[in-house]
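A look at the structure
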Amino acid sequence: ESACPLAEVTATSRHYVDRLFDPDPQKVLQGVIDMKNAVIGNNKQKANLIVLGAVPRLLYLLQQSSSSDMLRTECAVVLGSLAMGTENNIKSLVDCHIIPALLQGLLSPNVSFIEACLRCLRTVFISPVTPVQLLYSVRDWDTQLLPSTQLHLSRRSSVKGYILEHCYHQTVLFNHGAIQNIAPLLNSSSPKVRMQALKCFSVLAYENTQVSMTLVNVLVDGEPLTQVFVRMMQRDKPIEMQLTAAKCLTYMCRAGAIRTDDSSIVLKTLPCLVRMCSKDRLLEERVEGAETLAFLVEPDVDLQRIASVTDHLLAMLADYFKYPSSVSTIADIKRLDHDLKHAHELRQAAFRLYASLGSNDEDIRKKITETENMMDRIVSGLSESSIKVRLAAVRCLHSLSRSVQQLRTSFHDHAVWKPLMKLLQNAPDEVLIMASSTLCNLLLEFSPSKEPILESGVIELLCSLTQSDSPALRVNGIWALMNMAFQADQKVKMEIVRSLGTDHLFRLLSDPDPNVLMKTLGLLRNLLSTRPHIDQLMGSHGKQIMQAVTLILEGEHSIEVKDQTLCILANIADGNTAKELIMTNDDMLQKIKYYMGHSHVKLQLAATFCISNLIWNEEDGSQERQDKLREMGFVDILHKLSQATDPNLCDRAKTAMQQYLA
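Residues numbered from 1 in each chain as written. Predicted model: local features only at pLDDT ≥ 70, side-chain atom pairs only at ≥ 80, totals over all residues. Heavy atoms only, no water.

1. Topic: the overall build of the protein
Put simply, the test is: What counts as a helix is a DSSP run of H or I of at least four residues, what counts as a strand is a run of E of at least two, and both are numbered from the N terminus. Accessibility here uses a 1.4 Å probe with only protein chains present; expressed as a share of the type maximum, an area under 20% marks a residue as buried, one over 50% as exposed, and anything in between as partly exposed.
Across its full length, the protein carries 43 helices and two strands. Within the span of the protein, comprising 662 residues, buried residues form 55% of the whole.

In structure tokens, the structure reads:
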């Protein structure tokens, strides 16, 4: 029974395809129009037609010079509709070489045919099917089209706008003179063409130094391109134009082509973007304005300071949480409904901009935390359903957590650590990285949140981060443990060692990522501080720790890593019983001797400190240790170092020498 309906569909589908081969062009046109109506919104019908071979025939008709403009346009519309189906459909279309055919169609003088080709191309480019296949076609197309005649230039620019937005193949277009081709269109008489050209530049310049550096020197009718952009940001220009021009200048500035103190940035771009954040702008404009401004000021503290006092920006951003819509009348109910659905995008943008503004300056951070209900908003942002809002809220929190003042006050008052810990339970990596960085700051010794966090079982959580595949998460996990171990009591230290497991701790000491290694050494150094702790830890794990120290001092490591390792050794040398692990290890003593004669002062200092601790007078057995080290030639080395040019090294060597004289 069940086979019947399918056979029926296929039969009617075949009838559509057969009509494409009719010798009468009028009947073919009617057939294509009927097919268009049959496939709209009908994925099954689309799949059937593709299986029955409609695509090659439609492409053939589209490319025939004998086909009428109307027929060619209708073919492009049907192909566009087929492309709207499943990813498989798009793959079939690409396999039939639809892209070169559509690109060729853009050279036609007929505007409605061009638009149909454009729409179809855009649908193909937006699809998630591997862009690599698509890009080759674009590259061939560029080689043929761009260097060729200037014909239909204005139309081609809009094509580039469409395609560029989706395949970001900036370099291909750049290499074929896209900039020189598109620049004159900024003065076109058609507003649509001007806008497309401007959008094209914003896509070309984004995070692209090569393009940005070129744009600075481009002239449009004798006027520098940057001035054209500045003119397009004037208040009487359409908002979309102002915003896109501001994006172009922002991207050029971030790519290093325009200085951050240039008047086009400070006096024009920055104020234009702040205007976009006003509550009478549309939701999309407020979102894009804030996101772009966040990107512009991110690396530059002066721009952060200027922005924070422009037009009451901090208060304007507070409205992002209160007034999702600029529509006050009930008349535009559709708009109101849309804005309420997208209000989370506003919150995300506000958090991102707050994070950027507060990333360096203590006063700005203070102002942000004092903005009405700010900490409550961040706390609720951390548990929103939208992952993007959670990420932006935690970025904002991270930015504010760089402030000692805020850690001591508002962070504590609002128990920010609770939602933060919850966020760390099962979040994607990018959220985890930000959240764990923030946690590192909350675990600094002066932070009042440190105690309650310790009691909440955070050690297990951090230890699990150190086992992550992501180096950034391993670094943050170990960094937080390092902060936690700083001046901690013995109970906390032993809990860290137990939870981390000695095997894993030593695995981290051979981690391929140098940052992980540095932080692990920092953790070890904090664990090995104060004598009873040093003796206890060396008593239980001395052999392994000495082995790790040996491996690092023998390995190919940076000066910083070796310095940190020698500092750990100096801490061990400061223990009562732990000292013996060095004194009975001649190999280790030879290494200390080697580093005392090293070409790098930092390492000489650290190695001398080790010896100083071993021969210190007031302690049991100091006489025997002094004698052994004298026999090994250490006194001669100290004598030599006491004449060193570096004053610190000279002092340290003299102090050590005095132990022998006392």
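So much for the structure itself; the text now carries on.
2. So, unusual backbone geometry
The phi dihedral of His97 is positive, around 65°, even though this residue is not glycine. The topology assignment puts His97 in the loop between helix H6 (87–95) and helix H7 (98–105). In this structure, Asn373 is a non-glycine residue whose phi angle is positive, near 55°. Mapped onto the elements, Asn373 comes out in the loop between helix H23 (362–370) and helix H24 (374–381).

3. Topic: the environment of Val203
By secondary structure assignment, the location of Val203 is in helix H13 (residues 191–205). Assessed through its relative accessible area of 13%, Val203 is described here as buried. Between the C-alpha atom of Val203 and that of Lys247, which follows or precedes it by 44 residues, the distance is 9.3 Å.

4. Remarks on helix H42 (residues 634–641)
Heads up, the rule is: The arc in question is the one spanned by the directions pointing from the helix axis to the C-beta atoms. Here, residues are in contact when the closest pair of their heavy atoms is within 4.5 Å.
All of the buried residues along H42 are Phe634, Val635, Ile637, Leu638 and Leu641. Taken around the axis of H42, the buried residues stretch over an arc of 160°, which confines them to a single face. In H42, those exposed residues whose orientation departs by more than 90 degrees from the buried face are Asp636 and Lys640. Contacts made by the buried residues of H42 are with helix H39 (586–596), helix H40 (601–615), helix H41 (622–631) and helix H43 (647–661).

5. Brief notes about the packing of aromatic side chains
In plain terms, the rule: Any two of the Phe, Tyr and Trp rings considered here, Trp counted by its six-membered ring, make a pair once their centres fall within 6.5 Å; the pair's planes then place it as stacked at under 30 degrees, edge-to-face at over 60, or tilted in between.
On inspection of all chains with the given rule, the structure shows six aromatic pairs. Relative to Phe295, the ring of Tyr206 has its centre 5.8 Å away and its plane inclined at 45°; by these criteria the two rings are tilted. Separated by 89 residues along the polypeptide, Tyr206 in the loop between H13 and helix H14 (209–216) and Phe295 in helix H18 (residues 283–297) bring together distant segments of the chain. Since its relative accessible area comes to 37%, Tyr206 is described here as partly exposed. We classify Phe295 as buried; its relative accessible area is 13%. With a centroid separation of 4.8 Å and 75° between ring planes, the pair formed by Tyr594 and Tyr595 is classed as edge-to-face.

6. Quick notes on the packing of helix H16 (residues 239–254) against helix H17 (residues 263–275)
For clarity, the threshold we go by: Axis lines are fitted through C-alpha atoms, for helices just across the contact stretch, and the angle between N-to-C directions can take any value from 0 to 180 degrees. Throughout this description, any angle smaller than 35 degrees is read as roughly parallel, any larger than 145 degrees as roughly antiparallel, any in the 65 to 115 degree range as roughly perpendicular, and the remainder as oblique. The hand of a helix crossing depends on one turn: near helix anticlockwise from the far one by less than a right angle means left-handed, and clockwise means right-handed. Polarity classes work like this: nonpolar for Ala, Val, Leu, Ile, Met, Phe, Trp, Tyr, Cys and Pro, charged for Asp, Glu, Lys and Arg, and polar for all others, with Gly in that last group.
Put simply, H16 and H17 touch, their axes get as near as 10 Å, and they point 130° apart. Taken together, the axes of H16 and H17 are oblique relative to one another. Seen from above, H16 lies across H17 with left-handed handedness. In this structure, H16 contributes Gln242, Leu243, Ala246, Leu249, Thr250 and Cys253 to the contact, and H17 contributes Ile265, Thr269, Cys272, Leu273 and Arg275. Taken together, the residues of the contact of H16 with H17 break down into seven nonpolar, three polar and one charged.

7. Observations regarding the pattern of salt bridges
Any two side chains of opposite charge can pair, so long as their charged atoms come close to each other. Condition: By definition, a salt bridge exists where a carboxyl oxygen of Asp or Glu is found within 4 Å of a side-chain nitrogen of Lys or Arg.
What the rule picks out here adds up to 30 salt bridges. Its salt-bridge partner being Lys237, residue Asp236 comes within 3.8 Å of it at the nearest N-O pair. The exposure class of Lys237 is partly exposed, given its relative accessible area of 24%. Glu554 serves as the salt-bridge partner of Lys591, at 2.7 Å between the closest nitrogen and oxygen. Of this pair, Lys591 sits in helix H39 while Glu554 is found in helix H36 (residues 531–554), placing the two residues 37 residues apart along the sequence. On the basis of relative accessibility, which here comes to 11%, the residue Lys591 falls in the buried class. Residues joined by salt bridges that share partners form a network here, namely Lys279, Asp319, Lys322 and Glu372.

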